[in-house]
Amino acid sequence: LQARSSPDVNQTSGVSVRVSISNYETLIANAIRRAIRCGEGEAVPRISDLDALVTSTSGKLEFEYAGEERTEGSVVRDLIKRATRLVFDGVVPGEGVASVVDSFNQGWNVEVSASMPAGDYLEGLDEIRGLREAATLLAGGGSPENLASAIEFILEGLHLSNRLNKTTIEAGARYTSA
């Protein structure tokens, strides 16, 4: 949807449905690869898997650079961020995560990565007020894999809403107070 309405994408050439299919397959493949590598019983895509969509989108869209010094990858990353923020705003009530932001403002920080086992996300989860409740509600249940995905989504959504800072680190990302 973001690509179909973006001024960064050449709308006369259109956005093929094969972009969506390719990205879906890539996202699922990344989740399965992590589940196998980490010995998890369930493959659940996470925000950290979305970076793989840059490659799977490559060559399938025509971009409008209009003289800007932007790469195809940066345009795709921006589309992913806008789509993530749009979904976050639609499914996560602001008051439901206010206590999470408060915990970060009191000094908490969280590191996530595409290779981190889901169980690692649950360590210290109850120390960040409201995060377990928000993640459980969003995930529709409490499996570690679903909770890890929901936690990443909440943290990224709060970052994209300018309520948390995000720093890219070698292994993934670190979220801290804004």
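What counts and how
- Residues numbered from 1 in each chain as written.
- Predicted model: local features only at pLDDT ≥ 70, side-chain atom pairs only at ≥ 80, totals over all residues.
- Heavy atoms only, no water.
- Axes fitted to C-alpha atoms, helices over the stretch in contact; angles between N-to-C directions.
- Helix = DSSP H or I, 4+ residues; strand = E, 2+ residues; numbered from the N terminus.
- Parallel < 35°, antiparallel > 145°, perpendicular 65-115°, else oblique.
- Contact = heavy atoms within 4.5 Å.
- Nonpolar A, V, L, I, M, F, W, Y, C, P; charged D, E, K, R; others polar.
- 1 Å grid on protein atoms, 1.4 Å probe; cavity = no way out; pocket = protein on both sides within 12 Å on 5 of 7 lines; lining within 4 Å.
- Points joined across faces, edges and corners; volume = space filled by probe spheres on them.
- Buried < 20%, exposed > 50% of the residue type's maximum accessible area, 1.4 Å probe, protein only.
- Pairing = 2+ DSSP bridges.
- Polar contact = N/O pair within 3.5 Å; in protein donor to acceptor, adjacent residues only side chain to side chain.
- Patch = residues over 30% accessible without salt bridge, like charges linked within 9 Å, V, L, I, M, F, W, Y side chains within 5 Å.
- Areas by Shrake-Rupley, 256 points an atom, 1.4 Å probe, with all protein chains shown as cover.
- Salt bridge = Lys/Arg side-chain N within 4 Å of Asp/Glu carboxyl O.
- Core = buried A, V, L, I, M, F, W, Y, C linked by side-chain atoms within 4.5 Å.
- Left-handed = near helix turned anticlockwise from the far one by under 90°.

**Student:** Could you give an account of the packing of helix α4 (residues 72-91) against helix α8 (residues 144-160), with specific residues and numbers?
**Tutor:** Their axes nearest at 9 Å, the elements α4 and α8 cross at an angle of 105°. Of the possible angle classes, the one that applies to α4 and α8 is roughly perpendicular. Counting all contacts with α4, which are made through Lys81, Thr84, Arg85, Val87, Phe88 and Val91, the residues of α8 involved are Phe153, Ile154, Glu156, Gly157, Leu158 and Leu160. Class assignment for the residues of the contact of α4 with α8 results in seven nonpolar, two polar and three charged.

**Student:** Residues and numbers for empty space enclosed by the protein, please.
**Tutor:** Tallied over the full model, the rule gives one cavity of 30 Å³ or more. One number sums up the size of the largest cavity: a volume of about 30 Å³. Here the lining of the largest cavity is composed, by residue class, of two nonpolar, no polar and five charged.

**Student:** Can you tell me about helix α5 (residues 98-105), naming the residues and giving the values?
**Tutor:** Those residues of α5 lying buried are Ser99, Val100, Val101, Ser103 and Phe104. Check the buried side of α5 and you find it contacts β1 (110-112), α7 (131-139), α8, β2 (164-169) and β3 (172-177).

**Student:** Can you explain the pairing of β3? Please cite residues and give values.
**Tutor:** When β1 meets β3, the two strands line up antiparallel, connected through three bridges. The residue of β3 that forms the bridge with Val112 is Ala173. As paired elements, β2 and β3 share six bridges and run antiparallel to each other. By the bridge assignment, Ile169 is partnered in β3 with Gly172. Where β2 folds back on β3, the antiparallel hairpin that results is connected by two residues.

**Student:** Quick rundown of the side chain of Arg34? Include the residues and the values.
**Tutor:** Among the structural elements, Arg34 can be located in helix α2 (residues 17-38). One polar contact links Arg34 to Asp49, side chain to side chain, over a distance of 2.8 Å. Residues in contact with Arg34, not counting those within four places in the same chain, are Val44, Pro45, Arg46, Asp49, Ala114 and Met116.

**Student:** Let's hear about a nonpolar patch on the surface: which residues, and what values?
**Tutor:** Side chains of Val87, Val91 and Leu138 sit close together on the surface and give an oily, nonpolar patch of about 220 Å² of accessible area. Topologically, Val87 is positioned in helix α4.

**Student:** Go over the nonpolar core with me, naming the residues and quoting the values.
**Tutor:** One recurring pattern in soluble globular proteins: nonpolar side chains tend to sit buried together. Of all hydrophobic cores here, the largest spans 34 residues; its most connected members are Phe104, Leu155 and Leu158. Residue assignment for this core shows that the elements contributing at least two residues are α3 (52-57), α4, α5, β1, α6 (118-122), α7, α8 and β3. Here this core takes eight residues from α8, the largest share from any one element.

**Student:** Tell me what's going on with the packing of α7 against α8, and back it up with residues and numbers.
**Tutor:** Here α7 crosses α8 at 110°, and the two axes come no closer than 8 Å. Classified by the angle between their axes, α7 and α8 sit roughly perpendicular to one another. In this structure, α7 meets α8 at a crossing whose hand is right-handed. Across from Leu131, Arg132, Ala134, Ala135, Thr136, Leu138 and Ala139 in α7, the residues of α8 making contact are Asn146, Leu147, Ala150, Ile151, Phe153 and Ile154.

**Student:** Break down the layout of surface pockets for me, citing the residues and quoting the values.
**Tutor:** As a volume, the second largest pocket reaches approximately 530 Å³. Lining the second largest pocket are 22 residues, and of these Ile47, Ser48, Asp51, Glu156 and Lys166 lie nearest its centre. Listed by contribution, the elements that provide at least two residues to the lining of the second largest pocket are α4, α8, β2 and β3. Tallied by class, the residues present in the lining of the second largest pocket amount to ten nonpolar, six polar and six charged.

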